[in-house]
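# Descriptive analysis of the structure
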Amino acid sequence: QVQLQESGPGLAKPSQTLSLTCTVSGGSITAYYYWWSWIRQPPGKGLEWMGVIAYAGNTVYEPSLKSRISISRDASKNQLTLHLTSVTPEDTAVYYCVGGGGVSTSPGYGMDYWGQGTQVTVSS
């Protein structure tokens, strides 16, 4: 059974870089045809897909975040990392690590497993 656990600071100051880690257990983040994403939900709003790192290590980001976001992985630790630079209060949200298998042409691919989420508040 695959489980995901987000971790990182719950508070960040404007203009700083937010760094979050997702630890995956029960499966390898490098397994073929598996995809690992970061999704967030601001207060009172819907889910926002941020980006994905595929089994081959390539990444795709939401265009509106592309200049500020970086997703990486550490296979030896089976961990994913999110870096979001120049944060503002609008980046306040619950951040989720999401993963799963499938093909990119299938609706909802790579979204079988969800972490419990971690609250991040951006405030001075």
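Residues numbered from 1 in each chain as written. Predicted model: local features only at pLDDT ≥ 70, side-chain atom pairs only at ≥ 80, totals over all residues. Heavy atoms only, no water.

### Some points on the packing of aromatic side chains
In total, this model carries seven aromatic pairs according to the counting rule given. Their ring planes at 80° and their centres at 5.2 Å tell us that Trp35 and Tyr109 sit as a pair that is edge-to-face. One end of the pair, Trp35, is in strand β4 (residues 34-41); the other, Tyr109, is in the loop between β9 (93-101) and β10 (113-114), with 74 residues separating them in the sequence. Ring-pair connections join several aromatic residues into one group, and the members of that group are Tyr32, Tyr33, Trp35, Tyr55 and Tyr109. (Phe/Tyr/Trp six-rings, centres within 6.5 Å; stacked < 30°, edge-to-face > 60°. Helix = DSSP H or I, 4+ residues; strand = E, 2+ residues; numbered from the N terminus.)

### Considerations on the pairing of strand β7 (residues 69-74)
Two strands pair when backbone bridges link them, and β7 and strand β8 (residues 79-84) are joined in this way by six bridges, in the antiparallel orientation. Within β8, the residue paired with Arg73 across the bridge is Leu80. Counted between consecutive antiparallel strands, the loop separating β7 from β8 contains four residues, among which Asn78 sits at a positive phi close to 55°. (Pairing = 2+ DSSP bridges.)

### Here we look at the environment of Val2
With respect to the element layout, Val2 can be found in the segment before β1 (3-7). For Val2, a relative accessible area of 14% corresponds to the buried category. When neighbours within four sequence positions are excluded, Val2 is seen to be in contact with Val24, Ser25, Gly26, Gly27, Trp36 and Tyr113. (Buried < 20%, exposed > 50% of the residue type's maximum accessible area, 1.4 Å probe, protein only. Contact = heavy atoms within 4.5 Å.)

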